[in-house]
Amino acid sequence: MALLARRNLFHDRIRFAVTLTGIVFALVLIIIQFGLFLGFTSTTSNNIDHSNADLWVVFHGVGYFDTSRAFSERKFYEVLATPGVLQAEKYIQGFTNWKRPDGRVENVQIIGFRPGSGLGEPWNLLEGQLADAKREDAVIVDDLYKEKLGVTKIGDRVEIANRRARVAGFTHGIRSFTTSPFIYTTFKNSLNYTNPTAKEGDLSYILVKAAPGVPAEELRRRLRNHVSDVDVYTTGEFSRKTRFYWMFTTGAGLAVLTAALMGLVVGVAVVAQTIYAATMDHIREYGTLKAMGATNAYLYRVLIEQAIWSAVLGYGLATIVAHFIVQGSEKGGAVILMPPAMQIGMLFLAIFMCVAAALVSINKVTRIDPAMVFRG
Amino acid sequence: MKQIGTEQEKPIIRARGLSKVYREGATDLRALSDVDLKIHAGQLTLLMGPSGSGKTTLLSILGCILRSSAGTLELLGEEVTALAEAELPRVRRETIGFVFQGFNLFPTLTAAENVALAMDVRGIRGQKARSRAEECLIQVGLKDRMRAYPADLSGGQKQRVAIARALAGNPPIVLADEPTAALDSTSGRAVIELLQSLAHRHNRAVVMVTHDPRVLSYGDRILHLEDGRLIREERPGGALGGSEVFGTLQGDEIASAGIAMHL
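Because the structure is predicted, anything quoted here is derived from the model rather than measured.

**Observations concerning the overall build of chain B**
- In terms of regular secondary structure, chain B is built from 8 helices and 10 strands.
- Long-range pairs, those at least 24 residues apart, make up 73% of the contacts in chain B between residues at least 6 apart in sequence.

What follows is the structure, encoded as structure tokens:
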């Protein structure tokens, strides 16, 4: 049975190449779309996920990272005074404009943090030191946006909201889902860049580290009791809310998931068509097997084994192709992620896709009249 | 010719009142009418008749491939007409070997693999299946062609592979549908002698549908069908020698015919 399945599958090499092409095309499409979805999702919450904070204190009603409302410094001290708080840091995010050395203006997203605090700092620093960000007008940008921001090296001078700024460092791989690059600077600088008329101390978020032995949930309860007009989220919770907002409320995620689903449908259709055509080519052989006493289950196994062979080989080729695409995406603004769990999932999806496609043929084989073997 | 089976023994195939009606729109087409039949082990039975006389329909019913509209059929004492559809593949596996006019070999498998497939269908795999396949191919004189694909075999060799495949499960009944029709006289003779040998030397019940007048002398019984009815039975009793009809065998054909005689 296994031999027949393999021989029938590999015998017509052109047909098999077409089958494999269909599977590879569908799988690469699915991998890219699903990888984009994961990449986008990860990008929307990357500042939260890398904040190293246990809790995020936000203005009441703020549902996701990029839409913060400023609240007064008094709240910061109320948080600090709450039992169980080991550390609290002021944090700002806000949109403003960036004037490149050549005069062109780009939108950017300012992130204000306290260098050396360990909370809310940029990560993956490629050039420069975090401490350099303490200097007046110093900013850290990501090297993926060098061209967009018109900078090439540390020391390049630009204007942010009509104020001087100087590049003090480059990170690598911190992407922005909103297409406005993140600009990391000190809390004080960020106030000047985002809202020069704001009262000193206005802030977007308070990042909190719980004291050892104090569970985040318990500290959240205490903060809710001690500080009014704020919402308190665990880091994971705020990350999920932000991801959900961008991926599903805006429809961005649905668009890529729909494309991934389309890939699946195209894949099933292509594989079903080729397996069906191959089955029809061998229909007399299946009739002969039935006449010889093969059960329907025996014939199913032949077809399913062919489907699994197609899936595994198609998956192998698709993974190689996708690997190069994923590598290429690392240099662009939209990263495609292909974590190991997804790779394993894709193998099962490929098998599911091909077996589902084979069901069309199985239905046909079940209905074969074995008496056909006596018809010339 | 030695005849092992005798009609005093219990028949291997027993049919009573077998009928088959096909419905085509509002019309009923009667392909087989009230056929009574007893076939014993050790007999080569030929089914003859003009096109549309019901030969293939009868063979299909005897092979449990087609269900009769009326009547009963017993194979080795088991009433197969009373069995559920799902039971019939088992009966075919355990009881019947088929030989087809068009050979029906699997083109992607070698001769040995084609025969081993019949074992695979019976759940026997690996070395045991391979050994049995080789044994059957040696029996039909294809020792040197085991690794050949059907496309590389002559018509006669293909049919011998098909016979080897039919023998693989050691069935007591062999049903052959015009096995010599597509063959030249030499290959045809080798095949009919193989089938005769299966009946006479190995005590199998061999039923063969044929239009081929060259094979008449090999049959122990000739059943004539017309318009779906069994109208006449002949017992040639070796009145004509095979070589008188097929001519004298030469070279390889002598070898294969000889092997067939030593099955």
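**Side note on the overall build of chain A**
- Looking only at helices and strands, chain A has 12 helices and 10 strands in total.
- By the compact-globule yardstick of 21 Å for 376 residues, chain A is too spread out, its C-alpha radius of gyration being 29 Å.
- In chain A, buried positions account for 45% of the 376 residues.
- Contacts spanning at least 24 positions in sequence make up 82% of the contacts within chain A whose residues lie at least 6 apart.

**Some remarks on the packing of helix α8 (residues 235–249) of chain A against helix α9 (residues 252–281) of chain A**
All names here are of chain A.
- Two elements in contact, α8 and α9, have axes whose closest approach is 4 Å; the angle formed by their N-to-C orientations is 60°. For the element pair α8 / α9, the angle class is oblique. Between α8 and α9, the contacting residues are Trp246, Met247 and Phe248 on the first element and Ala252, Gly253 and Leu254 on the second.
- Broken down by class, the residue content of the contact of α8 with α9 amounts to 5 nonpolar, 1 polar and no charged.

**Describing the domain arrangement of chain A**
- Taken as a whole, chain A is organised into domain 1 (2–43 + 251–374) and domain 2 (72–228).
- The C-alpha centroid of domain 2 of chain A is placed 47 Å from the C-alpha centroid of domain 1 of chain A.

**Section: the pairing of strand β8 (residues 182–186) of chain A**
All names here are of chain A.
- Across the 5 residues of β8, 5 count as buried, placing the element largely inside the fold.
- The sheet contact formed by strand β3 (residues 105–113) and β8 spans 5 bridges and is parallel. When the bridges of β8 are listed, Gly112 appears paired with Thr185.

**Some details on the sheet that holds strand β7 (residues 173–177) of chain B**
All names here are of chain B.
- Judged by pairing direction, the sheet is mixed, and its 6 strands sit side by side in the order β6-β7-β8-β3-β9-β10 without closing on themselves. The open sheet is flanked by β6 (96–99) and β10 (229–234), the only strands paired with a single partner. Strand-to-strand twist in this sheet, taken as the mean axis angle between neighbours without regard to direction, amounts to 20°.
- As defined by bridge partners, strand β9 (residues 221–226) adjoins β10 across 5 bridges and the pair is classed as antiparallel. Its bridge partner lying in β10, Glu226 is registered against Arg229.
- Where helix α5 (residues 155–168) meets the sheet, its contacts fall on β6 and β7, and the angle it forms with β6 comes to roughly 170°.
- Strands β3 (44–48), β7 and β8 (205–209) of the sheet are contacted by helix α6 (residues 185–200), whose axis makes an angle of about 150° with β8.

**Describing unusual backbone geometry**
- Non-glycine residue Asn124(A) carries a positive phi angle of around 55°.
- The residue Asp34(B) is not glycine, and still its phi comes out positive at about 50°.
- As for its position among the elements, Asp34(B) is in strand β2 (residues 27–39).

**Side note on helix α3 (residues 111–121) of chain B**
- Among the 11 residues that make up α3(B), 11 are buried, leaving the element largely enclosed by the rest of the structure.
- Along α3(B), the residues classified as buried are Ala111(B), Ala112(B), Glu113(B), Asn114(B), Val115(B), Ala116(B), Leu117(B), Ala118(B), Met119(B), Asp120(B) and Val121(B).
- Each element contacted by the buried residues of α3(B) is listed here: α1 (2–11), α10 (283–291) and α11 (296–329) of chain A together with α2 (88–95), α4 (126–139) and α5 of chain B.
- Count one or two residues on from α3(B) and you reach Gly123(B), which has phi positive near 85°.

**Quick word on the interface of chain B and chain A**
- Each partner contributes residues to the interface: chain B has 23 residues there, and chain A has 21 residues.
- For the side of chain B that touches chain A, the elements supplying multiple residues, two or more each, are α1 (55–62), α2 and α3 of chain B.
- At 5 residues, the largest contribution of residues to the side of chain B that touches chain A is made by α3(B).

**Structural notes on the sheet that holds β2(B)**
Residue and element names in this part refer to chain B.
- Judged by pairing direction, the sheet is antiparallel, and its 4 strands sit side by side in the order β2-β1-β4-β5 without closing on themselves. Looking at which strands have only one partner, the edges of the open sheet turn out to be β2 and β5 (78–79).
- Two elements, strand β1 (residues 13–24) and β2, share 9 bridges in a ladder whose sense is antiparallel. Each residue of the ladder has a partner; that of Lys20, found in β2, is Leu32.

**What to know about the nonpolar core**
- Grouped together as the largest cluster of nonpolar side chains are 128 residues, with contacts concentrated most on Leu27(A), Val115(B) and Leu195(B).
- Those residues in contact with Leu27(A) that sit more than four places away from it in its chain are Gly267(A), Gly314(A), Tyr315(A), Ala318(A), Met346(A) and Ala350(A).
- Ile111(A), Val141(A), Tyr193(A) and Leu219(A) belong to the second largest nonpolar core, which has 55 residues in total.

**Concerning the confidence of the model for chain B**
Residues and elements named next belong to chain B.
- Per-residue confidence for chain B gives a mean pLDDT of 85; residues scoring 70 or more make up 87%.
- Per-element mean pLDDT across chain B ranges from 40 in helix α8 (residues 251–261) up to 96 in strand β4 (residues 70–75).
- Scored below 50 in pLDDT, residues 1–5 shows 14 contacts in the model against residues more than four places distant or in partner chains.
- Listed scores for the predicted complex are pTM 0.74 and ipTM 0.83.

**Details of the pairing of strand β9 (residues 205–210) of chain A**
All names here are of chain A.
- Buried residues dominate β9, accounting for 6 of its 6 residues.
- Side chains Tyr205, Leu207 and Lys209 project from β9 onto one buried face, and the interleaved Ile206, Val208 and Ala210 project onto a second face that is buried too.
- As paired strands, strand β2 (residues 85–99) and β9 are joined by 6 bridges and run antiparallel to one another. In the sheet register, Ala88 faces β9, and the bridge partner there is Val208.

**Considering the packing of α5(B) against α6(B)**
All names here are of chain B.
- Two elements in contact, α5 and α6, have axes whose closest approach is 9 Å; the angle formed by their N-to-C orientations is 15°. Taken together, the axes of α5 and α6 are roughly parallel relative to one another. When the axes of α5 and α6 are compared, the crossing they make is right-handed. Residues Gly155, Gly156, Gln159, Arg160 and Ile163 of α5 form the contact with α6, whose participating residues are Ser187, Ala190, Val191 and Leu194.
- Partitioned by chemical class, the residues of the contact of α5 with α6 number 4 nonpolar, 4 polar and 1 charged.

Reading guide: rules and limits
- Residues numbered from 1 in each chain as written.
- Chains lettered and ligands numbered in written order.
- Predicted model: local features only at pLDDT ≥ 70, side-chain atom pairs only at ≥ 80, totals over all residues.
- Helix = DSSP H or I, 4+ residues; strand = E, 2+ residues; numbered from the N terminus.
- Contact = placed C-beta atoms within 7 Å.
- Rg over C-alpha atoms; globule rule 2.2 N^0.38 Å.
- Buried ≥ 20, exposed ≤ 12 C-beta atoms within 10 Å, placed from the backbone.
- Axes fitted to C-alpha atoms, helices over the stretch in contact; angles between N-to-C directions.
- Parallel < 35°, antiparallel > 145°, perpendicular 65-115°, else oblique.
- Nonpolar A, V, L, I, M, F, W, Y, C, P; charged D, E, K, R; others polar.
- Domains from an automatic or database assignment.
- Pairing = 2+ DSSP bridges.
- Core = buried A, V, L, I, M, F, W, Y, C linked by C-beta atoms within 7 Å.
- pLDDT = per-residue confidence, 0-100.
- Left-handed = near helix turned anticlockwise from the far one by under 90°.

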